[in-house]
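# Examination of the molecular architecture
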Amino acid sequence: MKSRAFITGVSGLELTDAEREFVRAERPWGFILFKRNVDTPAQVARLVGELRDCVGNPSAPVLIDQEGGRVQRLGPPHWPVYPPGAVFGALYDRDRALGLKAARLGSRLIAADLIELGISVDCLPLADVPVEGCDAVIGNRAYGTEPRKVADIARAVTEGLEQGGVLPVLKHIPGHGRATADSHFRLPRVDTGRKELERTDFAAFQPLADLPMAMTAHVVFSAIDPAQPATTSATMIQQVIRGVIGFQGLLMSDDVSMNALAGSIAERTRAIVDAGCDMVLHCNGKLDEMREVARQTPKLSGRALERADKALASRKPPQPFDRRAARAELDTLIERAGIASA
């Protein structure tokens, strides 16, 4: 039985009866976890296992946003704190090789945490390139303000995740760095010219176009499509994401329930699918909205199915790894550079 082209969150630490029934009936392609779903390692592992049991697929992707810094769904006392992306950028500026090594170590450690729980996908790395005056929603999550550097560190982060058996999701394509609003609350509009966007924002994503999955930005780029954000713009997806950037992997939306998008959940979902996204992401765990998303998303087929299958097939077994030694080395690199990791 085919999956539907959506990824869903759930409401709490364990599934409700209604959620079990929903998952069994609608068969989402994957799931995403948030802090509301996290208590202890044993509880998270049970929830992950139950999600896969309900959908009837032991390999169903389970996603999480585990970046480090202020975007970290797993945290103390059961999981360590990791530095935000800007720490790797600052170390890179002092010593490129050490900056890349630290970025790779950080994501390899994150992957070790995730794989123990059965979580197979991390919504990382970011290739957003902030500019002066932009909204703080990206802030120190970014690796830097120069496209080549951002792409360089993002590649190292990707390598660490993949070495740990975790698939990466590149975000927020084609760039959230210039946004002057947080798309969780309202729609950002970027009025920068196309040539400048191609030189900066889009350029950071181009070297990462081979990644298996990417997540869109709920951002209007008025020089290309003045009416629709990238998530619901066929022009942005075909001309820029698939064209200029050259990304050919599985393209998922950012959260369909975010306030940047207009219309009902059903209207937003249809717009995402019609624009050319392969997968609709719904995060808030509200069952009435989950049902609307399921009603409006097709079963996976055609190119979307090919991309989904290719993404999952690209996952490799974890490589041998000394977690304690890696954490000590990461802490030493950061300490030597005199960089605060908080």
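Residues numbered from 1 in each chain as written. Predicted model: local features only at pLDDT ≥ 70, side-chain atom pairs only at ≥ 80, totals over all residues. Heavy atoms only, no water.

With that settled, the discussion passes to the overall build of the protein. When you go through the protein residue by residue, the secondary structure sums to twelve helices and 13 strands. Over its C-alpha atoms the protein spans a radius of gyration of 19 Å, differing by no more than 12% from the 20 Å that the globule rule assigns to 342 residues. Dimensions along the principal axes, computed over C-alpha positions, put the protein at roughly 55 × 50 × 30 Å. By the burial criterion, 58% of the 342 residues in the protein qualify as buried. Residue pairs at least 24 apart in sequence account for 77% of intrachain contacts in the protein once pairs closer than 6 positions are excluded. When the accessible surface of the protein is totalled, it reaches about 13600 Å², and 49% of it is carbon and sulfur. Positive and negative side-chain charges in the protein, numbering 43 and 43 respectively, have mean positions lying 2 Å apart. (Helix = DSSP H or I, 4+ residues; strand = E, 2+ residues; numbered from the N terminus. Rg over C-alpha atoms; globule rule 2.2 N^0.38 Å. Buried < 20%, exposed > 50% of the residue type's maximum accessible area, 1.4 Å probe, protein only. Contact = heavy atoms within 4.5 Å. Areas by Shrake-Rupley, 256 points an atom, 1.4 Å probe, with all protein chains shown as cover. Lys, Arg positive; Asp, Glu negative; His and termini not counted. Charge placed at Lys NZ, Arg CZ, Asp CG, Glu CD.)

What follows covers the pattern of salt bridges. Counted under the stated rule, the structure contains 24 salt bridges. Of the charged contacts in the structure, one is a salt bridge between D17 and R20, with a shortest N-O distance of 2.7 Å. Taken together, the residues D17 and R20, both in helix α1 (residues 17-26) and three residues apart, mark about one turn of the helix. Among the residues examined, D17 registers a relative accessible area of 61% and is labelled exposed. (Salt bridge = Lys/Arg side-chain N within 4 Å of Asp/Glu carboxyl O.)

Taken as a whole, the largest pocket holds about 390 Å³ of empty space. Looking at the lining of the largest pocket, its residues break down into eight nonpolar, six polar and nine charged. Reported here for the second largest pocket is a volume of approximately 260 Å³. By residue number, the principal contributor to the lining of the second largest pocket is helix α11 (residues 302-313), which donates five residues. Its residues placed into classes, the lining of the second largest pocket shows five nonpolar, three polar and eight charged. (1 Å grid on protein atoms, 1.4 Å probe; cavity = no way out; pocket = protein on both sides within 12 Å on 5 of 7 lines; lining within 4 Å. Points joined across faces, edges and corners; volume = space filled by probe spheres on them. Nonpolar A, V, L, I, M, F, W, Y, C, P; charged D, E, K, R; others polar.)

Along the chain, V38 turns up in the loop between β2 (28-33) and α2 (41-55). For V38, a relative accessible area of 16% corresponds to the buried category. Considering only alpha carbons, one finds V38 and R73, 35 residues apart in sequence, at a separation of 7.6 Å. Not counting residues within four places of it along the chain, the set of residues in contact with V38 comprises L13, Q43, V44, R73, L74 and W79.

Turning our attention to the environment of Q43. Within the secondary structure, Q43 is located in helix α2. Along the chain, Q43 and A326 lie 283 residues apart, while their C-alpha atoms are 26 Å from each other. Setting aside anything within four residues of it in sequence, one finds Q43 in contact with L13, N37 and V38.

Okay, the packing of helix α3 (residues 85-94) against helix α5 (residues 147-163) next. One way to put it is that α3 packs onto α5 with a least axis distance of 11 Å and a crossing angle of 110°. Comparing the axis directions of α3 and α5 gives the class roughly perpendicular. For the pair α3 and α5, the sense of crossing is right-handed. Along its contact with α3, which presents F88, G89, Y92 and D93, the element α5 presents K149, D152 and I153. Here the residues of the contact of α3 with α5 are counted per class, giving three nonpolar, one polar and three charged. (Axes fitted to C-alpha atoms, helices over the stretch in contact; angles between N-to-C directions. Parallel < 35°, antiparallel > 145°, perpendicular 65-115°, else oblique. Left-handed = near helix turned anticlockwise from the far one by under 90°.)

On to empty space enclosed by the protein, then. Under the criterion given, the structure shown has one cavity of 30 Å³ or more. Of the pockets and cavities examined, the largest cavity occupies roughly 130 Å³. In terms of lining, the largest cavity is formed by 19 residues, of which the most central are E67, P83, G85, F88 and L124. Elements that contribute at least two residues to the lining of the largest cavity include exactly β4 (66-68), α3 and α4 (96-117). Sorting elements by how many residues they give to the lining of the largest cavity places α4 first, with four residues.

Once that is clear, we can look at the sheet that holds β2. The strand order β7-β6-β3-β2-β1-β13-β12-β10-β8 describes an open sheet built from nine strands, whose pairing is parallel. Edge positions in the sheet fall to β7 (167-168) and β8 (170-173), since each has one partner strand and no second. Relative to strand β13 (residues 279-282), strand β12 (residues 250-255) runs parallel, the two sharing two bridges. Looking at the pairing, M252 lines up with M279 of β13. This element, α2, spans β2 and β3 (62-64) of the sheet and lies at about 165° to β2. Each of β2, β7, β10 (213-216) and β12 is contacted by α11, which is oriented at about 90° to β12, the strand it contacts most. (Pairing = 2+ DSSP bridges.)

A separate point is the nonpolar core. With 87 residues, the main nonpolar core has L33 and I119 as its most contacted residues. Excluding residues that lie within four positions of it along the chain, I119 makes contacts with L33, V44, V48, V62, L63, I64, L114 and V166. Counting residues in each nonpolar core, the second largest holds 21 residues, with W29, F34, L250 and C283 among its members. (Core = buried A, V, L, I, M, F, W, Y, C linked by side-chain atoms within 4.5 Å.)

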